[in-house]
Amino acid sequence: MWIGFFYLLRPGEYLYTTKGWYPFTLGDIVLRIGAQEYTAANIPLPLLPSVSYAGLTFTMQKNGVPGEMIGLTPTGAPIACPVRAIVRRVQHLRTYTIARDTPLYVYYDHTGVSRRISDRHLTAHLRIAATLLGLNVTTTAGAL
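Residues numbered from 1 in each chain as written. Predicted model: local features only at pLDDT ≥ 70, side-chain atom pairs only at ≥ 80, totals over all residues. Heavy atoms only, no water.

Novice: Which residues make up the sheet that holds strand β4 (residues 69-72), and what values do they have?
Specialist: Across the sheet, which stays open at both edges, the 4 strands sit in the order β2-β1-β3-β4 with antiparallel pairing between neighbours. Each of the sheet's edge strands pairs with one partner strand only, and the pair in question is β2 (36-39) and β4. Across the sheet, the mean angle from the axis of one strand to that of its neighbour is 25 degrees, orientation sign disregarded. (Pairing = 2+ DSSP bridges. Helix = DSSP H or I, 4+ residues; strand = E, 2+ residues; numbered from the N terminus. Axes fitted to C-alpha atoms, helices over the stretch in contact; angles between N-to-C directions.)

Below, the structure written as structure tokens:
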């Protein structure tokens, strides 16, 4: 959710949807530590906590021009931070794979089985959170 929010992405770019969008993958992530640039597939995992910039390079996504990169620096927040959100995704995915074409919406359960975070999952969780906060709203992943 934080990746979609901070990078202003459409749900199909960071979540599994049936609409056939082009999701961002490990191969689309650029990470920097100072002036040193890495891809998500080649950064040494012990360096991930030191990442000071995280960028997404557009390929076929609707929100950008192919080859264009949108990058952000840390907010300082441990959870609601674009860089920390990307680093958490990279850390998780790299624990199981280094395939550049792995979509960001993939996760691996405790048995190592590949699963997908869908727009329906996120919408359900957003609605639960709104209810717990006492908000009388109907929200969707697309509303982000």
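Novice: Which residues make up the pairing of strand β3 (residues 53-57), and what are the values?
Specialist: For β3, the tally of buried residues reaches 4 of 5 residues, placing the bulk of the element in the interior. Bridge analysis of strand β1 (residues 29-33) against β3 gives 4 bridges, and the strand direction is antiparallel. Note on β3: the bridge partner recorded for R32 is Y53. Bridge count for β3 against β4 is 4 bridges, and the pairing is antiparallel. Bridge assignment links A54 to a residue of β4, and that residue is L72. (Buried < 20%, exposed > 50% of the residue type's maximum accessible area, 1.4 Å probe, protein only.)

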